[in-house]
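# Descriptive analysis of the structure
Chain by chain, the residues run as shown.
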Amino acid sequence: MNSSNEVAVIKTSEGDMVVQFWTDAAPNTIENFKKLARQGFYNGTIFHRIVKDFMVQGGDPNSKDPAKENIYGQGGPDYKVKAEFNDHPHDRGVISMARSADPDSAGSQFFICLAPVRRLDHQYTTFGKLIKGENVLEKIGNTPVERNSQGEQSKPTKRVVINKIDIVPASAVK
């Protein structure tokens, strides 16, 4: 099976989104994302950060537990993935790795752009784009939010859950 023909089906409480990977751009990032998805790492996590007209962020294992809300955004696997900056721009529907100030600090958290965000180009690792589920992204992006503990207007007022991320052959989602 040629892994470049695989896509990710992100099954959320709001519906499914399908992401096509840019294997030319970020092979290690993609491998890591697929590995975590296959292990069920993302199952039950939420989109813990939603910023209108900017992006929706998910993939933090802490977000499985509502009691850990004060540390949402800080979790990940017990390792980091080296940045793979590339020339794919942050357009609407593009999936990219979230990280801290250190470029090589990405782990499991990712975000999907709700609009073009050029200031992130060559700063964050883009690794694919939505090919299906634009309406689901729109719905998630329009989830009402309130201030989080850092004072950012980005905390969803309801849990938008990532039930599962399936890695399947692209031919399976035609």
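The structure under discussion appears in the preceding block.
Residues numbered from 1 in each chain as written. Predicted model: local features only at pLDDT ≥ 70, side-chain atom pairs only at ≥ 80, totals over all residues. Heavy atoms only, no water.

Let us look at the overall build of the chain. For the chain, the helix and strand inventory stands at two helices and 10 strands. Taken over C-alpha atoms, the radius of gyration comes to 15 Å for the chain, in line with the 16 Å a tight globule of 174 residues would show. Its C-alpha atoms give the chain principal-axis dimensions of roughly 45 × 35 × 30 Å. Scored against the burial criterion, the 174 residues of the chain give a buried share of 51%. At a minimum sequence separation of 6, the contacts of the chain that also span at least 24 residues come to 70%. Carbon and sulfur atoms make up 49% of the accessible area of the chain, which amounts to about 8,100 Å² in all. If the 23 positive side-chain charges of the chain are averaged to one point and the 21 negative ones to another, these points end up 3 Å apart. (Helix = DSSP H or I, 4+ residues; strand = E, 2+ residues; numbered from the N terminus. Rg over C-alpha atoms; globule rule 2.2 N^0.38 Å. Buried < 20%, exposed > 50% of the residue type's maximum accessible area, 1.4 Å probe, protein only. Contact = heavy atoms within 4.5 Å. Areas by Shrake-Rupley, 256 points an atom, 1.4 Å probe, with all protein chains shown as cover. Lys, Arg positive; Asp, Glu negative; His and termini not counted. Charge placed at Lys NZ, Arg CZ, Asp CG, Glu CD.)

The calculated volume of the largest pocket comes to roughly 470 Å³. In this structure, the largest pocket is lined by 28 residues; those nearest its centre are His 48, Tyr 72, Gly 73, Gln 74 and Gln 109. Where the lining of the largest pocket is concerned, the elements lending two or more residues are strand E3 (45–51) and strand E9 (153–156). Looking at the lining of the largest pocket residue by residue, the class counts come to five nonpolar, 16 polar and seven charged. (1 Å grid on protein atoms, 1.4 Å probe; cavity = no way out; pocket = protein on both sides within 12 Å on 5 of 7 lines; lining within 4 Å. Points joined across faces, edges and corners; volume = space filled by probe spheres on them. Nonpolar A, V, L, I, M, F, W, Y, C, P; charged D, E, K, R; others polar.)

Ordered in space as E1-E2-E7-E5-E6-E4-E3-E10, the eight strands form a closed barrel in which the pairing is antiparallel. Mean inter-strand twist for the sheet, computed between neighbouring axes without regard to direction, equals 35 degrees. Sheet topology places E3 next to strand E10 (residues 161–169); two bridges connect them, and they run antiparallel. Within E10, the position partnered with Thr 45 by the bridge is Ile 162. The strands that helix H2 (residues 134–141) touches are strand E1 (6–12), strand E2 (15–21), E3, strand E4 (55–58), strand E6 (110–113) and strand E7 (126–132); relative to E2, the one it contacts most, it runs at about 115 degrees. (Pairing = 2+ DSSP bridges. Axes fitted to C-alpha atoms, helices over the stretch in contact; angles between N-to-C directions.)

Bringing the side chain of Thr 126 into the picture now. When you line up the elements, Thr 126 lands in strand E7. Among the residues examined, Thr 126 registers a relative accessible area of 0% and is labelled buried. Looking at Thr 126, its side chain comes within polar contact range of the main-chain oxygen of His 88, at 3.1 Å. (Polar contact = N/O pair within 3.5 Å; in protein donor to acceptor, adjacent residues only side chain to side chain.)

Before going further, it helps to spend a moment on empty space enclosed by the protein. Across all of its chains, the model carries one cavity of 30 Å³ or more by this definition. Taken together, Thr 29, Val 81, Lys 82, Ala 83, Met 97, Arg 99, Pro 103, Ala 106 and Thr 125 make up the full set of residues lining the largest cavity. Of the residues that constitute the lining of the largest cavity, the class distribution is five nonpolar, two polar and two charged.

Within H2, the full set of buried residues consists of Val 136, Leu 137, Ile 140 and Gly 141. For H2, the angular spread of buried residues about the axis comes to 135 degrees, placing them on one side. Structurally, H2 contributes buried residues whose contacts are with E1, E2, E3, E4, E6 and E7. (Arc of directions from axis to C-beta.)

Moving on, we come to the side chain of Glu 84. Structurally, Glu 84 can be placed in the loop between E4 and strand E5 (94–97). Among buried charged residues, Glu 84 stands out as having no salt bridge; its nearest opposite-charge side chain is Lys 82, 10 Å away. A polar contact is formed between the side chain of Glu 84 and the backbone nitrogen of Thr 29, at a distance of 2.6 Å. For Glu 84, the contacting residues outside a window of four places in its chain are Ala 25, Ala 26, Pro 27, Asn 28, Thr 29 and Thr 125. (Salt bridge = Lys/Arg side-chain N within 4 Å of Asp/Glu carboxyl O.)

In this section: helix H1 (residues 27–39). Spanning 13 residues, H1 covers 18 Å between terminal C-alpha atoms, matching the ideal 18 Å at 1.5 Å per step. Listed as buried for H1 are Thr 29, Ile 30, Asn 32, Phe 33, Lys 34, Leu 36 and Ala 37. Lining the buried residues of H1 we find E1, E2, E5, E6, E7 and E10. Of the residues one or two after H1, Gly 40 is the one with positive phi, at around 80 degrees. (Expected span 1.5 Å × (residues − 1).)

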